Amino acid sequence: MAAVATCGTGAGSTRSIVATTSKNNVTSFQRKGPRASGTDSGCSRLVSIAGTRPSVRNGQLLVSTGLPALDQLLGGGLAVGTVLLIEEDKYNIYSSLLFKYFLAEGIINGHTLLVASAKEDPADILQELPAPLLDDNYKKDLDEDICNHQTPDSNIKMKIAWRYQLLPKMESGPVSSSRFGHYYDASKRMPRELIETSKWHGFFFPEKLSSTLNKEPCSLTHGYRRLLQFIQKVIYEEGFDGSNPQKKQKNILRIGIQNLGSPLWGDDICCTENCDNSHSLTKFLYVLRGLLRTSLSACIITMPTHLIQNRAIIARITNLSDTVVGLESFIGSERETNPLYKDYHGLIHIRQIPRLNNLIYDVSDVKDLAFKLKRKLFTIEIHTQKKFNLCIEEEKNVDYNTS
Amino acid sequence: MESVLALGGLVLLRDSVEWEGRSLLKALVKKSALCGEQVHILGCEVSEDEFREGFDSGINGRLIYHDLFRDPLSWSRTGEALPGGPLGALQAMCRRTDPGPFTIALDSLSWLLLHLPCTAVCQALCALSHQHSRPGGSCPAEPVRVLGLLHEELHGPGPLGALSSLAQTEVTLSGALGQASAHILSRRPRQRPAHQTQWFSILPDFSLDLQGGPPLESQPHPDPHTPPVDPTARVTFNLHLSKKEKEAKDSLTLPFQFSSEKQQALLRPRPGQATSHIFYEPDAYDDLDQEDPDDDLDV
């Protein structure tokens, strides 16, 4: 407006002021077009990070966990800056599969990976990632029994609750790579070219263990301390926390920590009930969460909670993590022969979902979920009430095909 | 029993007071030695002479014995004792770079767990089992096999669980009527664990004799396995319809279904039938004035 006044000193009428205004094209309203100016490269463009999308509920930035079914159960995906804790099943078959799905999703989306393990070399873990499913051949492998809620016999058209038949079936096909959440074929390995072009950092604890001779006393177990330092170094050097302003495109760091809490990390919460360093793991989780909240990263941790002797520690760990999913496989238990569970390999328990910038969270109504590992795919279903078992105290599961 | 040795990695032999496992350990050691492998033995619980008893000279020559029994705390200072104590001995074994198949027998893991922190034992065992993937470049074909004897009753659920999660194969010894049996649980990576029960006996020269099982009448199975639970058995409503009932159900017209007969019935007035009547007795408080429904309100 000051510019208009100086230009229009000679003219007194508003018309000339308007004329000069339009001629000089100076207004206080600037149109924010898609200019290629480098002033604000990422201001309103959070969605432009590959593999993320804002949540429909509160706008939180989400990444996919690698299993679209699990994404749906967690309210759209895993929020950036949070921890997904997976309580391992007894023989660590399915939890390691979920771990690999998470990492594979990172590779497909071009995220940077950080893999930490005390048991296997991270390079070996990356070689075993499942291959993505991107073509339509997948559709004919799908099962056809997408049951609706009310029918005991799935082939009878519903007569009473006929409105449910008009509901659209769940999306169960593969998605192209530009969308959120991909499907993976557990029987095939990811092609080596994809792994080699991806950026990843590995932390294999036995290698670091041998290099240090003096262990200074510290409240954190040595292994956890080294791991935290490593994560912090990667976040700082690669600029995930905004410290080195990234001129290039922003990216997400996916952290995967395997078997945290097992004795291989040097922590003895799995060995004894009254351990010396019982706060080590909880401190680790606290510091890790602080690191994650201040950076563009998401973390998956698998933990053998069935081995932890002190139940109080498990409660503390659950509180310190954001999303907690427990897996319980039927191998070796009496449920393996139970006719209710004959189609499934185990149960999934969603133990906790975080409340991020919210007062309430999105708890799904369905509490009882089962999973099964088919020949190629990992599906999470709510098991059909084919047989009404009101007298048995087992959990009732409803069918809900989402994979 | 071949699968026990074939898989490699950590093999846990869990024994108890009734069914001792040292003879099975010696039998497996003998089998490995006969296959031409290098066998290292870390002896902690029994003396070297007692361990070597029963083996012939050929096998005894192939066994490399590390003795921790005579002087576990290195008091003698004559240099005979192993440097570094038990942990040092384990770590020394980790650093071996001899090519070829390799078997390590730990007699016993329980002794190690009682003298060393559990985490150190677990880390050493993991390093031992994964020794073949150390930087040498290629992964060799022969695995390193670690046979560990564990006395179940000496430990709580914590260490037992921790070691089970590390083990590739777990052999739990039990038996019936003088016949020993081994329940073998083998965990191949990324596959479901496989269970197998094998009856066996150990001959005096420590060779394994695999057997079918004890005579049938001594089998302690009192009755056949109960049939799987039928969830529909004790339900208070009828889940199964007979054919007639199904037909009746299918032919029932539901109230919201608007069929043509219904439409005709509604459209066409029925002259013959009396129209329906409503009988109404007005109450004392009823308001019969149609225009002002709120007349009776006391406002």
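Rules and cut-offs
Residues numbered from 1 in each chain as written. Chains lettered and ligands numbered in written order. Predicted model: local features only at pLDDT ≥ 70, side-chain atom pairs only at ≥ 80, totals over all residues. Heavy atoms only, no water. Phe/Tyr/Trp six-rings, centres within 6.5 Å; stacked < 30°, edge-to-face > 60°. Helix = DSSP H or I, 4+ residues; strand = E, 2+ residues; numbered from the N terminus. Buried < 20%, exposed > 50% of the residue type's maximum accessible area, 1.4 Å probe, protein only. Lys NZ or Arg CZ within 6 Å of the ring centre and 35° of its normal. pLDDT = per-residue confidence, 0-100. Contact = heavy atoms within 4.5 Å. Pairing = 2+ DSSP bridges. Salt bridge = Lys/Arg side-chain N within 4 Å of Asp/Glu carboxyl O. Core = buried A, V, L, I, M, F, W, Y, C linked by side-chain atoms within 4.5 Å. Axes fitted to C-alpha atoms, helices over the stretch in contact; angles between N-to-C directions. Buried area = accessible area lost by both parts, 1.4 Å probe. Polar contact = N/O pair within 3.5 Å; in protein donor to acceptor, adjacent residues only side chain to side chain. Nonpolar A, V, L, I, M, F, W, Y, C, P; charged D, E, K, R; others polar.

K.L.:
Tell me about the packing of aromatic side chains, and please be specific about residues and values.
P.N.:
Inspection of every chain in the model, using the stated rule, returns 10 aromatic pairs over all chains. Measuring from ring centre to ring centre gives 5.7 Å for A:Tyr101 and A:Tyr184, while their planes differ by 40°; the resulting arrangement is tilted. Of this pair, A:Tyr101 sits in helix α4 (residues 94–109) while A:Tyr184 is found in strand β7 (residues 183–189), placing the two residues 83 residues apart along the sequence. Taking the centre distance of 5.8 Å and the plane angle of 50° together, the rings of B:Phe51 and B:Tyr65 count as tilted. Here B:Phe51, found in helix α3 (residues 48–52), pairs with B:Tyr65, found in strand β3 (residues 63–67); they are 14 residues apart in sequence, far enough to count as distant. Looking at B:Tyr65, the relative accessible area reads 12%, which means it is buried. Each residue in the set A:Phe203, A:Phe205, A:Tyr224, A:Phe230, A:Trp265 and A:Phe284 is aromatic and connected to the rest through ring pairs, giving one cluster. Between A:Arg254 and the ring centre of A:Phe102, over which it is positioned, the NZ or CZ distance is 4.7 Å.

K.L.:
Any details on the confidence of the model for chain A? Residues and values, ideally.
P.N.:
Residues and elements named next belong to chain A. With 69% of its residues at a pLDDT of at least 70, chain A reaches an overall mean of 75. Every residue in residues 1–23 is under pLDDT 50, and counting partners more than four places away or in other chains gives nine contacts. Note that residues 35–47 has pLDDT below 50 and, in this model, six contacts with residues that lie over four places away or in other chains.

K.L.:
Can you lay out the sheet that holds strand β1 (residues 52–54) of chain A for me, pointing to particular residues and giving the numbers?
P.N.:
Paired through their backbone hydrogen bonds, the strands of a sheet run either parallel or antiparallel. Residues and elements named next belong to chain A. As summarised here, the arrangement of the three strands in space is β1-β2-β3, forming an open sheet in which the pairing is antiparallel. The sheet terminates laterally at β1 and β3 (78–79), the two strands that pair on one side only. Direction of pairing for β1 relative to strand β2 (residues 61–63): antiparallel, over a ladder of three bridges. Looking across to β2, one finds that Pro 54 is bridged to Leu 61.

K.L.:
Residues and numbers for the pattern of salt bridges, please.
P.N.:
Pairing between side chains becomes possible if they bear opposite charge and their charged atoms approach one another. In total, this model carries 15 salt bridges over all chains according to the counting rule given. A salt bridge links A:Lys188 to A:Asp185, with the nearest nitrogen and oxygen atoms 3.2 Å apart. Accessibility expressed as a relative area gives 47% for A:Lys188, which makes it partly exposed. For the salt bridge of B:Glu247 with B:Lys243, the shortest nitrogen-to-oxygen distance reads 3.7 Å. Separated by four residues within a single helix, B:Glu247 and B:Lys243 lie in helix α9 (residues 243–251), roughly one turn from each other. Given a relative accessible area of 48%, B:Glu247 falls into the partly exposed group. It is possible to trace a salt-bridge network through shared partners that takes in A:Arg289, A:Arg293 and A:Asp322.

K.L.:
Give me the lowdown on the nonpolar core, citing residues and values where you can.
P.N.:
Residue and element names in this part refer to chain A. Formed by 74 residues in total, the largest nonpolar core has its most connected members in Ile 257, Leu 260, Trp 265, Phe 284 and Leu 288. With residues up to four places along the chain from it excluded, the contact list for Ile 257 reads Phe 99, Ala 116, Leu 227, Ile 231, Trp 265, Phe 284, Leu 288, Cys 299, Ile 300, Ile 301 and Thr 302. Counting residues in hydrophobic clusters, the runner-up holds 46 residues, among them Val 63, Leu 67, Tyr 184 and Leu 296.

K.L.:
Break down the sheet that holds strand β5 (residues 144–151) of chain B for me, citing the residues and quoting the values.
P.N.:
Residue and element names in this part refer to chain B. Spatial ordering of the open sheet is given by β3-β2-β4-β5-β1-β6-β7-β8-β9, a layout of nine strands whose pairing is mixed. Each having just a single partner strand, β3 and β9 (208–211) make up the two edges of the open sheet. Neighbour to neighbour, the strand axes of the sheet diverge by 25° on average, direction disregarded. With four bridges connecting them, strand β1 (residues 9–15) and strand β6 (residues 169–176) associate as parallel partners. Bridge pairing links Arg 14 to Thr 172 in β6.

K.L.:
Outline unusual backbone geometry, listing residues and values.
P.N.:
Note: most peptide bonds trans; most residues except glycine with negative phi. Residue and element names in this part refer to chain B. Here the residue pair Asp 107 and Ser 108 is connected by a cis peptide bond, since its omega of 0° sits within 30 degrees of zero. Non-glycine residue Phe 206 carries a positive phi angle of around 60°. One can find Phe 206 in the loop between β8 (194–202) and β9. Classification of Phe 206 as buried rests on a relative accessible area of 13%.

K.L.:
Any details on the interface of chain A and chain B? Residues and values, ideally.
P.N.:
Listed by partner, the interface residues are 38 residues for chain A and 32 residues for chain B. With both chains or domains summed, chain A and chain B bury close to 2,800 Å², and 65% of this area falls on carbon and sulfur atoms. There are zero salt bridges connecting chain A and chain B. Linking chain A to chain B there are two residue pairs in polar contact (both at pLDDT 80 or more). Elements with a contribution of two residues or more to the side of chain A that touches chain B: α4 and α7 (205–211) of chain A. Broken down by element, the side of chain A that touches chain B gets its largest block of residues, three residues, from α7(A). Residue composition of the side of chain A that touches chain B, grouped by class: 22 nonpolar, five polar and 11 charged.

K.L.:
Quick rundown of helix α8 (residues 157–166) of chain B? Include the residues and the values.
P.N.:
All names here are of chain B. Buried residues dominate α8, accounting for nine of its 10 residues. Within α8, burial applies to Gly 158, Pro 159, Leu 160, Gly 161, Ala 162, Leu 163, Ser 164, Ser 165 and Leu 166. Where α8 is buried, its residues meet β1, α6 (109–115), α7 (118–129), β5 and β6.

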